[in-house]
Amino acid sequence: MSELDLMTKIVSLCKRRGFIFQSSEIYGGLKSCYDYGPLGVELKKNIASEWWRAMVYEREDIVGLDASIMMHSDVWRASGHLSGFNDPLVDCLNCKERFRADKAPKAEPGSEVEFIVGGKSGGKKATGVVEPCGYVCPNCGSASLSDERQFNLMFRTSYGPIDPLGSFVNKISEKDLSPDEIRAELERCIQSSAVYLRPETAQAMFVQFLNIQQTTSMKVPFGIAQIGKSFRNEIITEHFVFRSCEFEQMEMEFFCEPGTQNEWLDYWRQARIEWYQKYANEPEKFKLRQHDKDELAHYSDDCYDIEYLYPWGWDELEGIASRTDYDLSKHAESSGVKLSYFDQQKKDPKTGKNGWRYVPYVIEPAAGLTRAVLCYLLDAYCEEKGTDAKGQEKTRVFLKLHPKLAPIKAAVLPLVKKDGQPERAREIVKKFQIEGLNVRYDETQSIGKRYAKHDEIGTPFCITVDNDSLADGTVTLRDRDTCDQKRISVDEAIASVIKLVRS
Ligand code: ATP
């Protein structure tokens, strides 16, 4: 199976089995927007719960937050998102593709490139010379490109019962304005009621730093964790849910004493990669990559990406940035509220006196939840060649998801839909429900097809109820990865599923 085949197979399995659907599909779909179906929602929730458990429940030094998606526009002004959260946008003058300059294929300035006039499906071959920008169109390879212009990735909308276009029309209808003046007037009208869908969850954790520190009396070093939706009007959406306009993040802002940031960055990059590897079949497909100096944001003094080996190569899954005191300082400056911390136990390094007030430094592990869903699906996908009962070649597909991530922990299957087997199977399901586990009753199709379906959706165990179960209280416990079946008592089967799912 080629690596790109794998991606096609994952997308198809996601739709066929109910992990991920195209949004608004019956209306032709909305590009790059996705709905997580009955299994996808469980997988995503399980990844999120594992993150929350590791980041919040298992630690004394991190607390949670669930902030609103829309925030005061001044938040984005102060953070620099309004002026600087841009990607360089370029149009190909040959095939009309719109793309990000920083992700375009590199080419030597002045060198000659060959392309097809009008794009790949066009006619004649032509040649062009690479401009000083040093890249070509990712679609057709042409060097005939527009200038770069900055495109802000934030989604803007209006807040309140205001019609910005109405007030704009009123204003310009009385004046004779140039196109630039019309644009400036339009910006003014829109800006008065503008709000933005957050492009990251992080800013709320800076803005609520003081409320959280004061209400919880947390002492630095401490962190604030949040999981939620973020929105970016991406120039190019790609690779299924890898890059979409609406996605989910799991971010944590860890506030530490100035001067300790390197130590905490080392700690968090190690903790975060180990967290991913714990749930993976192929831990070697996760690696850390330190940013080059010229990649760093101006406020960041160091940064690592956790990368995964996707079918198209190594690419980002999480960023772990040392953000200095930039965010708290900017919000303090802009709001007029002191976002600092007073440590009574420490001496102020400047005065040597007891008590030190400082602006904490921040380490930020910023993960993509929806990107992690894709990663673990890719990591879990397995095909196994074998023969069926008639000796015909067949391929068994199974998702070797970690039991903690698997959407359904076990399926309880009556062999037939009569003789008291359904009732007995439902009693078993009830016992799991009391334990809070998502275990499903399933009586559809033949037993072989049910096993195949649960293999394909990653259910680690099937418990089969037959006539003997009613007579002697035993069931068959089948393992997804090995297909091994063992006959054991109902209580033993339940206990071993619970043990494996919880360990
Ligand atoms: P990229 O370089 O891939 O555009 P980024 O460096 O801009 O990502 P961050 O701002 O650091 O990303 O966001 C943290 C994490 O959020 C990323 O590592 C990624 O997992 C996730 N993420 C960011 N943008 C998207 C998106 N458009 N779709 C899905 N996940 C995203």
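Quick caveat: nothing in here was measured; it's all calculated off a predicted structure.

A. Fine view of helix H15 (residues 490–502). When the terminal C-alpha atoms of H15 are compared, their 18 Å separation across 13 residues agrees well with the 18 Å that a helix rising 1.5 Å per residue should span. Three or more residues of H15 are buried, namely Val490, Ala493, Ile494, Val497 and Val501. Projected down its long axis, H15 carries its buried residues within an arc of 95°, all on one side. Across from the buried face of H15, at angles greater than 90 degrees, the exposed residues are Asp491, Ala495, Lys499 and Arg502. Where the residues of H15 are buried, they touch strand E22 (410–414), helix H12 (421–434), strand E24 (461–465), strand E25 (474–479) and strand E26 (485–489).

B. Layout of the site of the ligand. Near the ligand, the surroundings consist of 16 residues, among which Phe247, Gly319, Ala366, Gly368 and Arg371 are the closest. Where the shell around the ligand is concerned, the elements lending two or more residues are strand E13 (246–256), strand E16 (313–322), strand E19 (361–368) and helix H11 (369–380). A per-class count over the shell around the ligand returns 4 nonpolar, 5 polar and 7 charged.

C. Structural context of the pairing of strand E5 (residues 86–91). Where E5 meets strand E9 (residues 149–152), 4 bridges bridge the pair, whose relative direction is antiparallel. Looking at E9, one finds that leucine 89 is bridged to arginine 149. Where E5 and strand E6 (residues 98–100) come together, 3 bridges link them in antiparallel fashion. Residue aspartate 91 lies in a different strand from E6, and its bridge partner there is arginine 98. Hairpin connection of E5 to E6: 6 residues between the antiparallel strands, including lysine 96 at a positive phi of 75°.

D. The arrangement of the sheet that holds E24 in detail. The mixed open sheet is built from 5 strands, whose spatial order is E23-E22-E24-E25-E26. Bordering the open sheet on either side are strand E23 (439–441) and E26, each of which pairs with just one other strand. Put simply, the sheet's adjacent strands are angled 25° from each other on average, direction ignored. Here 4 bridges tie E24 to E25, and the two strands are oriented antiparallel to one another. The residue bridging threonine 464 from the neighbouring strand is threonine 476, located in E25. Where H12 meets the sheet, its contacts fall on E22, E23 and E24, and the angle it forms with E22 comes to roughly 165°.

E. Summary view of the environment of histidine 239. Position of histidine 239 among the secondary structure elements: in the loop between strand E12 (222–231) and E13. Of the residues examined, histidine 239 has 15 C-beta atoms within 10 Å and is grouped as partly exposed. Each C-alpha atom of the pair histidine 239 and phenylalanine 342 lies 46 Å from the other, and the pair is 103 residues apart in sequence. Those residues in contact with histidine 239 that sit more than four places away from it in its chain are Tyr310 and Trp312.

F. Representation of the environment of proline 38 within the structure. As for its position among the elements, proline 38 is in helix H2 (residues 38–57). Of the residues examined, proline 38 has 13 C-beta atoms within 10 Å and is grouped as partly exposed. Placed 456 residues apart in sequence, proline 38 and isoleucine 494 show a C-alpha to C-alpha distance of 24 Å.

G. Summary view of the packing of H2 against H11. It is at 10 Å that the axes of H2 and H11 come closest, and there the two elements cross at 110°. By the angle class used here, H2 and H11 are roughly perpendicular. Between H2 and H11 the crossing geometry is right-handed. Along its contact with H2, which presents Leu43, Lys44, Ile47 and Ala48, the element H11 presents Leu369, Ala372, Val373 and Tyr376. Across the contact of H2 with H11, the residue classes tally to 7 nonpolar, no polar and 1 charged.

What counts and how
The numbers attached to residues start from 1 for each chain and follow its sequence in the written order. Since the coordinates come from a predicted model, pLDDT governs what is reported: local features require at least 70, and pairs of side-chain atoms require 80 or more to be given and counted, while whole-chain, interface and lining totals use all residues. Helix and strand assignments come from DSSP, with helices taken as H or I runs of at least 4 residues and strands as E runs of at least 2, each series counted from the N terminus. Multiplying one less than the number of residues by 1.5 Å gives the expected span of a helix. In this scheme the burial state of a residue depends on its C-beta neighbours within 10 Å: 20 or more other such atoms mean buried, 12 or fewer mean exposed, and anything in between means partly exposed; the C-beta positions come from the backbone. Here, the arc refers to the directions that run from the helix axis to the C-beta atoms. We call two residues in contact whenever the C-beta atoms placed from their backbones are within 7 Å. Here, nearness is defined through the C-beta atom: a residue counts as near a molecule or strand if that backbone-placed atom lies within 6 Å of it. Just so you know the grouping, Ala, Val, Leu, Ile, Met, Phe, Trp, Tyr, Cys and Pro go in nonpolar, Asp, Glu, Lys and Arg go in charged, and all remaining residues, Gly too, go in polar. DSSP bridges decide pairing: two strands pair if at least two such bridges lie between them. Lines fitted to C-alpha atoms define the axes here, with helix axes fitted over just the stretch in contact, and angles between the N-to-C directions of these axes take values from 0 to 180 degrees. Should an angle lie under 35 degrees it is considered roughly parallel, over 145 roughly antiparallel, and from 65 to 115 roughly perpendicular; all remaining angles are considered oblique. For any pair of crossing helices, the crossing counts as left-handed if the nearer helix is rotated counterclockwise from the farther one by less than a right angle, and right-handed if it is rotated clockwise.

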